[in-house]
Amino acid sequence: MRVIIASKADPVSMRVADLLIQSYGFSESGPGLYRRGDVLLKFISEKHIFAEGLAEDLNPELVIVASSHRSEAGITALLTHPVGNWGSEALMGGSPKTLSPTSAAALYTSLHALAKQQIALGLEGWKVGLEVTHHGPATKAPTIFVEAGGPPDKLPEEKAIEAVAAACIEVAESRLNAPLAAIGFGGGHYAPSFTRLALANEYSFGHMCPKYAMPIDRDMVLQAFEKTIEKPRLAVLDWKGLRGKDRSEIISILEDLEIEWVKT
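Residues numbered from 1 in each chain as written. Predicted model: local features only at pLDDT ≥ 70, side-chain atom pairs only at ≥ 80, totals over all residues. Heavy atoms only, no water.

Asks: Help me understand the side chain of H69, please; the structure alone is not making it clear to me.
Replies: Topologically, H69 is positioned in strand β5 (residues 62–70). Reaching out from H69, the side chain makes a polar contact with the side chain of Y190 at a distance of 3.2 Å. (Helix = DSSP H or I, 4+ residues; strand = E, 2+ residues; numbered from the N terminus. Polar contact = N/O pair within 3.5 Å; in protein donor to acceptor, adjacent residues only side chain to side chain.)

In structure tokens, the structure reads:
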């Protein structure tokens, strides 16, 4: 079973849920629950990033969170990303130095669905991409976020909501075929190198650790591989997006773990 989450504390999330019910045939199946075939739409009251143990009561194989995105720079974007905290703080939900399970195939499918919708719906000027692993909630179920947004004080246009809804459905109902799974290290928050490689069908990415979260220790590297459900054995290093010392430390850990690595 796959579950789409709509947070009542997030206006974009609720707009996506309304569209799923109105246009995709979800029908009520219980308190706060709607169903379309084998896919559930679950409403929660709290902000999704703080909803620890999200949907674990349903024992889902995948959780897809419809969400808003905020860009202080005002960049409008359609994004997808895994969940967790690389560092010792958890100011935006989750637990310190803890990654939640994710799926490289689900992220790959979501990214390509958003790219397809961006063209089909004529969302000119909208960025499409991956974001690195960041924020909560802490979960035991594999989780991804699918987002639309831009300036913090402005809700995205309806076409962007349609793109997120369509991507959520595609991830929830597809067989999730994807290229070789990898873990990404380095680069910026919007993971430009990993986005480019995924859109070119070279790799699918599970957890991704940006330059600003470095250095990380062996345990966090292990978590990245073990909590990507495809169990990848390949790391992709954004070579210019890593400081020399951090690059050396990551390579040392990877080689000690007998994990292959390539640079981009």
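Asks: What is the right way to read helix α6 (residues 244–256) from this model?
Replies: Along an α-helix, a turn takes 3.6 residues, which lines up residues three or four apart on a common side. For α6, with 13 residues, the first-to-last C-alpha span of 18 Å sits near the 18 Å given by 1.5 Å per residue. Every buried residue of α6 is listed here: D246, R247, I250, I251, I253 and L254. An end-on view of α6 places all buried positions within 165° of arc, on one side of the element. Of the exposed residues in α6, those oriented more than 90 degrees away from the buried face are K245 and D256. Against β11 (181–185), α5 (218–226), β13 (234–237) and β14 (260–263) lie the buried residues of α6. Following α6 by one or two positions, E258 adopts a phi angle in the positive range, close to 60°. (Expected span 1.5 Å × (residues − 1). Buried < 20%, exposed > 50% of the residue type's maximum accessible area, 1.4 Å probe, protein only. Arc of directions from axis to C-beta. Contact = heavy atoms within 4.5 Å.)

Asks: I tried to follow the packing of aromatic side chains on my own but got confused; where do I start?
Replies: What describes a pair of aromatic rings is the distance from one ring centre to the other and the angle between the planes of the rings. Summed over all chains, the structure comprises five aromatic pairs. Both rings, one in F185 and one in F225, keep their centres 6.4 Å apart while their planes meet at 35°; by these two values the pair is tilted. One end of the pair, F185, is in strand β11; the other, F225, is in helix α5, and 40 residues separate them in sequence. Residue F185 is classed as buried on the basis of its relative accessible area, which comes to 0%. Relative accessible area serves as the criterion here: at 4%, F225 is assigned to the buried category. (Phe/Tyr/Trp six-rings, centres within 6.5 Å; stacked < 30°, edge-to-face > 60°.)

Asks: Quick question: what am I supposed to make of the sheet that holds strand β12 (residues 204–209) here?
Replies: Working definition: the strands of a sheet are paired by backbone hydrogen bonds and lie parallel or antiparallel to each other. A sheet is described by the order of its strands in space; here four strands give the open sequence β12-β11-β13-β14, paired in parallel fashion. Two strands in the sheet have a free side with no partner beyond their single neighbour: β12 and β14. Strand-to-strand twist across the sheet, computed as the mean angle between neighbouring axes with direction ignored, equals 30°. Here β11 pairs with β12 via four bridges, running parallel. Each bridged residue has a counterpart across the sheet, and for G184 the counterpart in β12 is M208. Relative to the sheet, helix α2 (residues 104–120) contacts β11 and β12, its axis offset from that of β12 by approximately 105°. On the sheet, α6 packs against β11, β13 and β14 and is oriented at approximately 170° with respect to β13. (Pairing = 2+ DSSP bridges. Axes fitted to C-alpha atoms, helices over the stretch in contact; angles between N-to-C directions.)

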